[in-house]
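# Examination of the molecular architecture
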Amino acid sequence: THLRAHETGRNLVCRLLLEKKNQLAVLYPNTNGDRVLRISNLALQVSDQVANIFRSADADAIALSLLRKHGTNLASLPGKTIRDQLTQSVVNILYAYRDKCASSSAPGQLILPESLKLLPLYVYSFLNKPALRTKPLTQADQRIYEVIKCCDRSVTFYLGYLYPKIYALHNFDSPTIYPNPNERPGDVLDEEGRVIIPSNTPARQDRIEADGVYLFDDSEYLRLYVFPPDANSSQGIQTAAAQLFGLESPDDILSISSLPSLPESDLNVRVNNVVEQIRKWKNFAYQSVRVEYVERPSANPDILGMLVEDEIVENDSYTDYLCSIHKLIQQKYQ
């Protein structure tokens, strides 16, 4: 394979013959203009037991491989054909597992291998992205952009795009704590000097509080959404946005446009630490923070597109999609 350029973060998918050892050789010029050769050797376990293959399967790599295999045909095949091909690929994989590894299970039960439990979710999320979404209609240039992202982005980037991470910034009661290798003066950390990250919120609308402050990470941008308080809001949530943006009252929140640095605000410093920590995890382009005031999640199409477990504009919900996969698996036994 010949490439004119290969930038940091770009990812290649290779389908190899089943062998015990594989070797990858890359010939490229370094920064000094010298042509050098880099060789990578992989020693892979080989097994003739189907159960062992499924046990060691990588759902992330399989999902991205399927999306590239079928998604790149969008220019030559109808979107419905690609949707059917992707779903059929998932059905074939799960049927093989059920037939070879779980044949004694009850026929009315959908069996997913432990290593591939997220595979249907990844494919379902891709089916509802602009590249393949049937309603609302997507412009051609947006579809092409989606295909380009599918072709050359890394596994880390694309899986974060398929299932965005959502952090409730008004709630640090149940945090996930990460080491902070570059502690700065003024950082608000725990007693051991580690960054405090709020726990992830499931990508469902019923888990989004209508009066909260949330950070959505879809690998492209960090989107900070502020929802207005209502009569039933707790005082803590009502004042969280005011503390975060340095406002005198929650009513001034309509004037926000960016995330300021306010060392005197404990919450603001914590949120900035969270943003910086998320950026450190990523090995691709810098993620800017987009701040937006939203009256309700259902009124914003970007938010609805990231709540991937919900039903999206006349498409089936994720639960309905799993039921359709189960039905197709049962049909293969007939």
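Structure first, text after, so check above.
Let us look at the overall build of the protein chain. Broken down by element type, the protein chain carries ten helices and eight strands. Out of the 334 residues belonging to the protein chain, those deemed buried represent 40%. Across the protein chain, the fraction of contacts at a sequence separation of at least 24, relative to all contacts at a separation of at least 6, is 64%. As presented, the protein chain carries roughly 19,200 Å² of accessible surface, and 50% of it is formed by carbon and sulfur atoms.

Formed by 37 residues in total, the largest nonpolar core has its most connected members in L86 and Y158. Secondary-structure elements contributing two or more residues to this core are α2 (59-71), α3 (79-101), α4 (119-127), α5 (140-152), α6 (155-162) and α10 (318-332). With seven residues, α4 is the single largest residue contributor to this core. Setting aside its immediate chain neighbours within four residues, Y158 contacts L64, L67, F126, E146, K149 and C150. Core analysis: the next-biggest nonpolar cluster, separate from the first, contains 17 residues, V213, F245, V271 and V274 among them.

Looking now at a nonpolar patch on the surface. On the surface, a nonpolar cluster with roughly 310 Å² of combined accessible area is contributed by L27, L37 and I39. On the secondary structure map, L27 appears in strand β1 (residues 21-29).

Okay, the packing of α4 against α10 next. At a minimum axis separation of 11 Å, α4 and α10 run at an interaxial angle of 115°. When the interaxial angle is binned, α4 and α10 end up roughly perpendicular. As for the relative orientation of α4 and α10, their crossing is right-handed in sense. On α10, the residues that touch P120, L121, V123, Y124 and L127 of α4 are Y318, Y321, L322 and I325.

Turning next to α6. For α6, a buried count of six out of eight residues is recorded, marking the element as mostly surrounded by other parts of the structure. In this fold, the buried residues of α6 make contact with α2, α4, α5 and β6 (213-217).

A few words now on the sheet that holds strand β3 (residues 165-168). Across the sheet, which stays open at both edges, the four strands sit in the order β3-β6-β7-β8 with mixed pairing between neighbours. What marks the edges here is a single partner per strand, and that holds for β3 and β8 (289-293). Taken over all neighbouring pairs, the strand axes of this sheet differ in orientation by 20° on average, direction set aside.

The next subject is the pattern of salt bridges. All told, the structure shown has seven salt bridges when counted by the stated rule. Note that D84 is salt-bridged to K80, the shortest N-O span being 3.0 Å. Taken as a pair, D84 and K80 lie in helix α3 at a separation of four residues, close to a single helical turn. The partner of K100 in a salt bridge is D99, and the shortest N-O contact between them spans 3.9 Å. Under the relative-accessibility criterion, D99 is labelled partly exposed at 30%. Salt bridges linked by common partners bring R204, D206 and E309 together as one network.

What counts, and where the lines are drawn
- Residues numbered from 1 in each chain as written.
- Predicted model: local features only at pLDDT ≥ 70, side-chain atom pairs only at ≥ 80, totals over all residues.
- Heavy atoms only, no water.
- Helix = DSSP H or I, 4+ residues; strand = E, 2+ residues; numbered from the N terminus.
- Buried < 20%, exposed > 50% of the residue type's maximum accessible area, 1.4 Å probe, protein only.
- Contact = heavy atoms within 4.5 Å.
- Areas by Shrake-Rupley, 256 points an atom, 1.4 Å probe, with all protein chains shown as cover.
- Core = buried A, V, L, I, M, F, W, Y, C linked by side-chain atoms within 4.5 Å.
- Patch = residues over 30% accessible without salt bridge, like charges linked within 9 Å, V, L, I, M, F, W, Y side chains within 5 Å.
- Salt bridge = Lys/Arg side-chain N within 4 Å of Asp/Glu carboxyl O.
- Axes fitted to C-alpha atoms, helices over the stretch in contact; angles between N-to-C directions.
- Parallel < 35°, antiparallel > 145°, perpendicular 65-115°, else oblique.
- Left-handed = near helix turned anticlockwise from the far one by under 90°.
- Pairing = 2+ DSSP bridges.

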